[in-house]
Each structure stands twice: as structure tokens, then as C-alpha cells.
Amino acid sequence: KKSEAVQAALGQLTSTAQQSYSGIRVIKSFVQEGAMYTAFEKASERYRSGATGLAKVEAMYFPSMTLLIGLSTLLTIMIGGIYYIQGNKGIGVDTIVEFVIYINMLTFPVSAIGWTASMIQRASASQKRLNEFLQTTPAISSPAADNNLALTGDIKLENVSFTYEHTGIEAIKNLNLHIRSGERIAVVGKTGSGKTTLIQLILRLYDVTKGKMAFDDHSIEKISLSNLREQMSYVPQDGFLFSDSISANIAFGTKWMDQERVEEMAKLAVIHKDIVAFPQGYETEIGERGVTLSGGQKQRISIARGLMKQAPIMIFDDCLSAVDARTEKEIITNLSGYLHNKTSIFVTHRVFNLFQFDKIIVMEDGEMKEQGTHEELMKKRGIYFSMYQRQLQEEQVL
Ligand SMILES: Nc1ncnc2c1ncn2[C@@H]1O[C@H](COP(=O)(O)OP(=O)(O)OP(=O)(O)O)[C@@H](O)[C@H]1O
Ligand SMILES: [Mg+2]
């Protein structure tokens, strides 16, 4: 019990420390150094008192064992001595010596029992925490058979609903959608409308709660996970980059470094000029030991990384939100050619009128409210229409 509590306290202490480093900018700008210091101090204190409590119990054990052994030896000699002096029951010095030897032979096994018991308790507390990880079965299982399907990029969703387990939020409601091979799709909608969730279902980062999904008419559960994900390239919304060189980040996931292709993709993502402006160019380190990039630079590097991967399905989750309108236009023009013959899905807040989409999907509260081409949706004068009008007004103000 006690060692479990101590382990939990240690876990909390390390997570407090880790957070204060990764969130150092937020902490400084909100002038919360003092509060964080107090929180860390409290966590340390909890661990210290727990650990010293445990150490005290252990420290008590050996002296008391030694004391007991000493006492029993003493007692044997004393009682034996008295009997011997009285000449009682015919006890001789040899008998007393024999007894003392027996006691000493007994002490080691007996004290070992206590010692082992405490070891077992500590180990089982640690094991319990490890088992939480080890015994978690992945929520998403893929068939053992390693299939080698080459997908063409045809995606079907039938009555798909999805609820986030922890929160119970139903993020996708009864969605029916057919994306044909080579189509260019836009997913638009307000924040929190379920756009990213839809993408994550397509990537099978989650399994649907209800309904069916199929790629080229192969049910999604029949395709092995690695097979499925190899056919998709994904530029996530947060544009995560590794603490490594820029070229390594762009070439991430490719089998060998092809510098020429890295630069070609960087040009498509309109980041090449920014990269060569760094003193070490493509070898510049990103992250803790290197340069700190702007939000827009990060987004464009992660687009270049997405383009490196030759996949029939390309997914871009709101990856142009931090670049200016002119750069956005340039990137979209470049992509327009590159994505020829690929199924591509763009999630966006803004409506790009200059990009010809085969289908625009309008999401609201997890439901698909409208779908169609730009012209069709404009005629409808619904959600898309008012979004577009609002955007035009904003652009005029600028
Ligand atoms: N990991 C998660 N666990 C629980 N609920 C989530 C999780 N991710 C998203 N949600 C919830 O699901 C709903 C849809 O979120 P989603 O991220 O799909 O929206 P979005 O359309 O991508 O929004 P944005 O434009 O801001 O990126 C929201 O109500 C959100 O709170
Ligand atoms: Mg999102």
C-alpha cells in the first residue's frame, strides 16, 4: 500500500517538472513562476514524506530483527545457565551451545522471510503500474494477415456515428459519404463541428461507433492497419515536428534521404526560401537545440513532409491557417498540379474559391449539413453561402 502511494507521488512529481519545462513560455507570460514553484514544492514534499515514511518502516525492521535474535540467544543462555547451575534435568554446557547454534541457524531464514515479503510488496506495486500499460489491449485491432492492397482512393462511409468514449461527445452523427477515386474534397465547418474527427476515422485512429467504412469496397476492418495507413498521407492540424534537422523532418518516414526531392517538396510548400535563409539551410536543427520556427513555417514544413509521401490519399487538416492569404494562394496553386490523380481531402475554415473542388462537405455539430460543388452550394443559399459571403466581406475590409 505504502510503496504504491510513494510511486504515485513520484509520478506526479516528474509530470509537474516535465510540464513546467514544456510550458515555460506560457508560465512566464502569465507570471506564474511562483505558483508553479509552490506546486512543485508541494509535489516534492508529498514524495519526500511518503518516501521517508517507507524508509522508516524499513529502518525499523533490521534493528528489531537483530534485537529479537540477540534477546533469544540471551534468553537461551540465561535459562540454560539457571538449569545448569541448579543441576536440573541433566542439562550440560553442550546442550546450551547446541541451542545457541540452532537459534543462529534459524535467524537467517526467518529474517529472510520478512525481507522477501517487503521486496515482493514493492515489486508488486511497481508491477501493478506496469501492468496498466502492458495489459492495455489496443482499441483498434487489425487482421493478422498482412495484406498488400493497393488502394485507389475510393472511400465510403455508411451511417457512420462516432462518440468519444471518455467524454461521451457524439462528434459524428449518422454520416453518409462517398469519396471517389481522384476526387478533390473540401471539408468546411465551424470549430468543433467534427472535421478532425472525420479525418481521424478515415485514418482509422479511431474505430467508428456505429456504421460502416470501406476503401475500394474492402471493409475497413479487413485491411491491415499498416497497409491502410501506407496509402494515406496526412498533414495534421497541429503540424508536429521532431527535434531534428529540417531535411530529416521533411523526409520523415521515407526509406532513404533524397535531398533533391526534399527541396522540390519544400518549394511546393513555399518554404524553400525560408529554409535556405537559415545559416545551415536544410541541416538547421529544429526545436530545443535549434531554431524556433514561426507557426506558419511549421505548417509549411509539415505540408512538405506530407507531400514527400507518395500515397493515393492525401489529407490536409487545416494546415494553412497560419499562413497569409498570398502564400496560401501560392501553395494551393502548386498543390493543384501535384495532387492530380490523387484523392485529396482538405479541411479548412476558409473557403478557397480559387481551388476547384469536386465536392464540398459542410459540417455542423457532427452532421453533414450540405454537400456539393461550389456553384451548387452557392445556389442553395444555405450555410456555405453565408460562410462565403462573410469571408468576402472580411477580405474587402482587409
Ligand atoms: N480526443 C477527444 N476526446 C474527446 N472529445 C473530443 C476529442 N477530440 C475532439 N473532441 C470533441 O469532438 C467534437 C468535434 O471536434 P473536432 O476536433 O472534430 O472539431 P473540428 O471541426 O476539427 O474543429 P476545429 O476546426 O477547431 O479543428 C468537439 O466537440 C470536441 O470537443
Ligand atoms: Mg480540427
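Presented here is an overview of the structure given in this document.

Rules and cut-offs
- Residues numbered from 1 in each chain as written.
- Chains lettered and ligands numbered in written order.
- Predicted model: local features only at pLDDT ≥ 70, side-chain atom pairs only at ≥ 80, totals over all residues.
- Heavy atoms only, no water.
- Pairing = 2+ DSSP bridges.
- Helix = DSSP H or I, 4+ residues; strand = E, 2+ residues; numbered from the N terminus.
- Phe/Tyr/Trp six-rings, centres within 6.5 Å; stacked < 30°, edge-to-face > 60°.
- Buried < 20%, exposed > 50% of the residue type's maximum accessible area, 1.4 Å probe, protein only.
- Donors = N, O, S within 2.8 Å, 3.2 Å for Na, K, Ca; no water.
- 1 Å grid on protein atoms, 1.4 Å probe; cavity = no way out; pocket = protein on both sides within 12 Å on 5 of 7 lines; lining within 4 Å.
- Points joined across faces, edges and corners; volume = space filled by probe spheres on them.
- Nonpolar A, V, L, I, M, F, W, Y, C, P; charged D, E, K, R; others polar.

Looking now at the pairing of strand β1 (residues 155-163). Where β1 meets strand β2 (residues 170-179), six bridges bridge the pair, whose relative direction is antiparallel. Pairing of Val160 across the sheet is with Leu175, part of β2. Hairpin connection between β1 and β2: a loop of six residues separates the two successive antiparallel strands, and Gly168 in this loop has a positive phi of roughly 75°. Sheet analysis places β1 next to strand β4 (residues 210-215), joined by five bridges and oriented antiparallel. From the neighbouring strand, Leu157 faces β4, where its bridge partner is Met213.

So, about the packing of aromatic side chains. Throughout the structure, instances matching the rule amount to eight aromatic pairs. Relative to Phe357, the ring of Phe346 has its centre 5.8 Å away and its plane inclined at 65°; by these criteria the two rings are edge-to-face. Residue Phe346 is found in strand β8 (residues 343-348), and its partner Phe357 is found in the loop between β8 and β9 (359-364); the two are separated by 11 residues along the sequence. Both residues of the pair, Phe346 and Phe357, belong to the buried class. Through a chain of ring-to-ring contacts, three or more aromatic side chains come together here, namely Phe162, Tyr164 and Tyr206.

What follows is about the coordination of the magnesium ion (ligand 2). Distances from the magnesium ion (ligand 2) to its protein donors, Thr196 (OG1) and Gln237 (OE1), fall within 1.8 to 2.3 Å. Pair noted here: Thr196 is in helix α5 (residues 195-202) and Gln237 is in the loop between β6 (232-235) and α7 (246-250), with a separation of 41 residues, a long-range link. We classify Thr196 as partly exposed; its relative accessible area is 24%. A relative accessible area of 38% means that Gln237 is categorised as partly exposed.

Take the layout of surface pockets next. Counted as a void, the largest pocket has a volume near 870 Å³. Residue lining of the largest pocket: 24 residues in total, with Arg229, Met232, Phe252, Gly253 and Lys309 positioned closest to the centre. At the level of elements, α6 (225-230), β6 and α10 (295-308) are the ones that each hand at least two residues to the lining of the largest pocket. Split by residue class, the lining of the largest pocket holds 11 nonpolar, six polar and seven charged. Each pocket or cavity is described by its volume, and for the second largest pocket that value is around 580 Å³. Around the second largest pocket sit 20 residues that line it, and Arg25, Gly287, Glu288, Thr292 and Lys298 are the ones nearest its centre. Sorting the residues of the lining of the second largest pocket by element identifies α1 (2-22) and α2 (24-29) as the ones contributing at least two each. It is α2 that provides the largest number of residues to the lining of the second largest pocket, a total of three residues. Looking at the lining of the second largest pocket residue by residue, the classes come out as nine nonpolar, seven polar and four charged.

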